[in-house]
Structure formats: C-alpha cells, structure tokens
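Single-letter residue listing:
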Amino acid sequence: MRSGIHPVSRPVVFRDRAAGFQLLTRSVLDADNVVEWEDGTTYPVVDVEISSASHPFYTGTSRVVDTAGRVERFERRYGGETR
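From a predicted model like this one, the values you see are computed outputs, not experimental measurements.

(A) Here's a closer look at a positive patch on the surface. A cluster of basic residues, Arg70, Arg73, Arg76 and Arg77, forms a positive patch on the protein surface. Relative to the assigned elements, Arg77 resides in helix H2 (residues 67-78). By relative accessible area, Arg77 is classed as exposed at 57%.

Below you can see the structure in the form of structure tokens.
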C-alpha cells in the first residue's frame, strides 16, 4: 500500500438526537463537536438524522400517510376516470 493516500481512521461517536441513541465506532469523518463517552474519554461526535434506533423499518412503527387526500386530488386534477 502507498503511504499518505489513505484517510486516517479514528474513533467517532454517531449520535441520533431524536432517539437518544449513541454508537461508538471508527470512521474517517471529521467532527467539530466532542462528547464524553461512558468510559470518560472524549470523542468527536457526528449528529445523524436517522439511525437504526429511529428508522421505521427497524423499529416496526409506521407513519400515517394521507393517501386519501392524494387520491382525491389526483381524481380532481385528471377527471377521476380510469381507462
């Protein structure tokens, strides 16, 4: 392997604020903020919008989608006739 071309991998905390979930893993991402982990060491933290703790596929919860309103709007716009 050539030296100097690979990014540096270091411990980073990924935090999902919506679910209150944190994961310590290795990454090449840079982060400006730091957080104190359970062992007392500070690590860079990257905030994510969705993780396995908050994603509907993994949690088994689903969101209500207004499909009736979309169907009615489609029928109004295109006449409601199917061919």
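There is more to say, and it comes next.
(B) Local environment of the sheet that holds strand S2 (residues 21-27). Sheet architecture is open: four strands sit in the order S2-S1-S4-S3, paired in mixed fashion. Every other strand in the sheet has two partners, leaving S2 and strand S3 (34-36) as the edge strands with one partner each. Going across the sheet, the axis of each strand differs from the next one's by a mean of 45°, ignoring polarity.

(C) Summary view of the side chain of Ser51. Mapped onto the fold, Ser51 is located in the loop between strand S4 (42-48) and helix H1 (56-59). A relative accessible area of 13% places Ser51 in the buried class. Side-chain polar atoms of Ser51 contact the side chain of Asp16, separated by 2.7 Å. Contacts of Ser51, omitting those with residues within four sequence positions, involve Asp16 and Phe21.

(D) Summary view of the side chain of Asp16. Here Asp16 is to be found in strand S1 (residues 10-16). No salt bridge is formed by the buried Asp16; the nearest opposite charge belongs to Arg17, separated by 8.4 Å. For Asp16, the residues in contact, after removing those within four places along its chain, are Phe21, Val48, Glu49, Ile50, Ser51 and Ser54.

Reading the values: rules and limits
Each chain carries its own residue numbering, running from 1 in the written order of its sequence. Given that the model is predicted, a residue must reach a pLDDT of at least 70 before its local features are reported, and side-chain atom pairs must reach 80 or more before they are shown or counted; all residues, however, enter totals for whole chains, interfaces and linings. Hydrogens and waters are ignored; side-chain quantities use all the structure's heavy atoms. Here the term patch refers to residues with relative accessible area over 30% and no salt bridge, with like charges joined within 9 Å and nonpolar side chains (Val, Leu, Ile, Met, Phe, Trp, Tyr) within 5 Å. In these tables, accessible area is a Shrake-Rupley quantity obtained with a 1.4 Å probe, and a residue counts as shielded only by the protein chains included in the view. Throughout this description, the term salt bridge denotes a Lys or Arg side-chain nitrogen within 4 Å of a carboxyl oxygen of Asp or Glu. Neither His nor the chain ends is counted toward charge; the positive residues are Lys and Arg and the negative residues Asp and Glu. Charge positions come from single atoms, namely NZ of Lys, CZ of Arg, CG of Asp or CD of Glu. Each helix corresponds to a stretch of at least 4 residues labelled H or I by DSSP, and each strand to a stretch of at least 2 residues labelled E; elements are numbered beginning at the N terminus. Categorising residues by exposure relies on relative accessible area from a 1.4 Å probe, with only protein chains included: less than 20% of the type maximum marks a residue as buried, more than 50% marks it as exposed, and the intermediate range marks it as partly exposed. A pair of strands is considered paired only if DSSP assigns at least 2 bridges between the two. Axis geometry follows a simple rule: fit a line to the C-alpha atoms, using only the stretch in contact for helices, then measure angles between N-to-C directions, giving values from 0 to 180 degrees. Any pair of N or O atoms that falls within 3.5 Å is considered a polar contact. Within protein, one atom must be able to donate a hydrogen and the other to accept it, and sequence-neighbouring residues count only if both atoms are side-chain atoms. A contact between two residues is defined here by any heavy atoms of the two lying within 4.5 Å.

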